[in-house]
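Chains, contacts and geometry: an overview
Listed below are the residues making up each chain.
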Amino acid sequence: MKSARPLLAFGAHPDDVEFGCGGIIAREAEAGRAVHFIICSHGEAGTNGTPAQRTAESKKAARVLGATCEFLKLDGDAHLEVRAAHALKLAGIIRRLRPAVVLAPSLEQNQHPDHYRLGQLVRDASRLARYGGPAHAIDQLFFYAVTPEAEPAGVPPVLIDLSAPGVVATWTAAMEAHASQLRTRNYVELQLARARVHGLRAGLEYAQPLFPNDPLVFDSLAAVTRSARRF
Ligand SMILES: [Zn+2]
């Protein structure tokens, strides 16, 4: 059973979503949320893997996570530019898919330039989707960090608990689907170690961070029952 409040995740390259927030995707899909990925290149500038291989790896990874995916042509891998026309194109996708939650790469500049440029475009698109017809207002925009360097400094993250049974195994399998990329470095271990550190901070086995674009709003303090710190 899929929830009526879908999640839409944007990635600049075929493996960004899986490495940056794949545990969260596994968790959300397992809980019944419909998840769709928009991947804005075929990774054609990468050191390893042909575009065809990387497309196949993405499709497999999305399937493992319980998500669907589609590819969008913008400027191509390593050539992404921030342009109004791109933001409008992404806004059109948001209007079509009507997600409640949107995930995009963080705006920190010390990472692949396609990542933070796409983050900027998605933020603009989320705003533009509210105008014109048929307008759609998303509930929340969160940023994910593909690498440790991409985590915004000094911003307390929202930590998503990945302790539910099977979530980390599903996420690991999705990352391993990007076999061509694992020839460069052991990215799977890197991401699992990151998630372990975030989890340990909060007394959990594993957790992944998201960084809200705007303050989160709760009906009352009663809804806020957990934090990373034990006072
Ligand atoms: Zn990337």
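The rules behind the values
Every chain is numbered on its own, with residues counted from 1 as its sequence reads. Confidence filtering applies because this is a predicted model: local features only for residues at pLDDT of at least 70, side-chain atom pairs given and counted only at 80 or more, and all residues used for totals across whole chains, interfaces and linings. To obtain the side-chain values, all non-hydrogen atoms of the structure were used and water was disregarded. The donor set covers N, O and S atoms within 2.8 Å of the metal, switching to 3.2 Å for Na, K and Ca, and it leaves out water, so a site may look short of donors. We count a stretch as a helix when DSSP gives it H or I for four or more residues in a row; a strand needs E for two or more, and each element gets its number in order from the N terminus. A side-chain nitrogen of Lys or Arg and a carboxyl oxygen of Asp or Glu constitute a salt bridge if their distance falls within 4 Å. Classification of residues uses two cut-offs on accessible area relative to the type maximum, computed with a 1.4 Å probe and protein chains only: under 20% is buried, over 50% is exposed, and between them is partly exposed.

With that settled, consider the coordination of the zinc ion. Listed as protein donors to the zinc ion are His 13 (ND1), Asp 16 (OD) and His 115 (NE2); their distances from the metal cover 2.0 to 2.1 Å. When the donor residues of the zinc ion are listed from N- to C-terminus, their spacing reads H-x2-D-x98-H. With His 13 in the loop between strand 1 (7-11) and helix 1 (16-30) and His 115 in helix 4 (residues 113-128), the pair connects residues that are 102 residues apart, well separated along the chain.

Another aspect to go through is the pattern of salt bridges. Here the structure, examined in full by the defined rule, presents nine salt bridges. For the salt bridge of Asp 139 with Arg 5, the shortest nitrogen-to-oxygen distance reads 2.6 Å. A residue pair is termed long-range when its members are at least 10 positions apart, and Asp 139 in the loop between helix 4 and strand 5 (140-144) and Arg 5 in the segment before strand 1 qualify at 134 residues. Among the residues examined, Asp 139 registers a relative accessible area of 43% and is labelled partly exposed. Residue classification places Arg 5 among the partly exposed positions, given a relative accessible area of 44%.

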